[in-house]
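# Analysis of the macromolecular model
For reference, the chains in residue letters:
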Amino acid sequence: TRARIAILLTLPIGALDAARPPIQVYSTAMGMPTTSASCIVPDSNGLLWICTNAGLVRFDGYRFHVFGPEDGLPSRRIIGFQVSRHGGYWVTARGSCS
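### A few points about the packing of aromatic side chains
- Counted by the stated rule, this structure contains seven aromatic pairs.
- Ring centres of Phe59 and Phe64 lie 4.3 Å apart, and the angle between their planes is 20°; this geometry places the pair in the stacked category.
- Three or more aromatic residues joined by ring pairs form one cluster here, namely Trp49, Phe67, Phe81 and Tyr89.

### Things to note about the pairing of strand β6 (residues 89-94)
- The pairing of strand β5 (residues 77-83) with β6 spans six bridges and is classified as antiparallel. Note that in β6 the partner of Arg77 across the bridge is Arg94.
- Where β5 folds back onto β6 in an antiparallel hairpin, the turn is made up of five residues, including Gly87, whose phi is positive at roughly 95°.

### As for the pattern of salt bridges
- Counted by the stated rule, this structure contains two salt bridges.
- With a shortest N-O distance of 3.5 Å, Arg63 and Asp60 are connected by a salt bridge.
- Its relative accessible area of 30% is what places Asp60 among the partly exposed residues.
- Of the charged contacts in the structure, one is a salt bridge between Arg76 and Glu70, with a shortest N-O distance of 2.8 Å.

### Some points on the environment of Thr52
- With respect to the secondary-structure elements, Thr52 resides in strand β2 (residues 48-52).
- In sequence terms Thr52 and Ile78 are 26 residues apart; their C-alpha atoms lie 5.5 Å from each other.
- Look past the residues within four positions of Thr52 in its chain and what remains in contact with it is Met32, Pro33, Thr34, Ser36, Val57, Arg76, Arg77 and Ile78.
- At 3.0 Å, the side chain of Thr52 and the backbone nitrogen of Ala54 are in polar contact.

### Here we look at the pairing of strand β4 (residues 64-67)
- The pairing of strand β3 (residues 55-59) with β4 spans four bridges and is classified as antiparallel. Pairing of Val57 across the sheet is with Val66, part of β4.
- In this antiparallel pair of consecutive strands, β3 and β4, the connection spans four residues, and Gly61 shows a positive phi of 100°.

### Digging into the nonpolar core
- Listed in full, the ten residues of the largest apolar core are Cys39, Val41, Leu47, Trp49, Cys51, Leu56, Phe67, Leu73, Ile78 and Phe81.
- Of all the elements in the fold, those that place two or more residues in this core are β1 (39-42), β2 and β5.
- Leave out the neighbours within four places in its chain, and Val41 touches Leu47, Leu48, Trp49, Phe81 and Val83.
- The next biggest cluster of nonpolar side chains, apart from the first, holds five residues, and it includes Met32, Ile50, Val57 and Phe59.

### A closer look at the confidence of the model for the protein
- The pLDDT averaged across the protein works out to 83; a share of 79% of its residues lies at or above 70.
- In this model residues 1-9 is a low-confidence stretch, pLDDT under 50, and it forms zero contacts with partners more than four residues away in sequence or in other chains.

Here is what the cut-offs are and how they apply
- Residues numbered from 1 in each chain as written.
- Predicted model: local features only at pLDDT ≥ 70, side-chain atom pairs only at ≥ 80, totals over all residues.
- Heavy atoms only, no water.
- Phe/Tyr/Trp six-rings, centres within 6.5 Å; stacked < 30°, edge-to-face > 60°.
- Pairing = 2+ DSSP bridges.
- Helix = DSSP H or I, 4+ residues; strand = E, 2+ residues; numbered from the N terminus.
- Salt bridge = Lys/Arg side-chain N within 4 Å of Asp/Glu carboxyl O.
- Buried < 20%, exposed > 50% of the residue type's maximum accessible area, 1.4 Å probe, protein only.
- Contact = heavy atoms within 4.5 Å.
- Polar contact = N/O pair within 3.5 Å; in protein donor to acceptor, adjacent residues only side chain to side chain.
- Core = buried A, V, L, I, M, F, W, Y, C linked by side-chain atoms within 4.5 Å.
- pLDDT = per-residue confidence, 0-100.

Structural data, given as structure tokens:
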């Protein structure tokens, strides 16, 4: 059928032109507090904000900085992060506020 021919014709072209993007793996040995994340959000300053069960992580391309209750967050279990239109940040945490 016509649909099968179109798929067969485009697959080899896409396979020949495909380029692998550079991938960097970051581990706990490099400063990440854990190996899993529930969100990754870039901001306008070029920082990445990473939601983890070990705190809110800020990555500047070189170093990781972990924020937790000692920095004013109610919990280390960060489940959401959003940049406000006024330049501030909204953080969603799971757990107690005590």
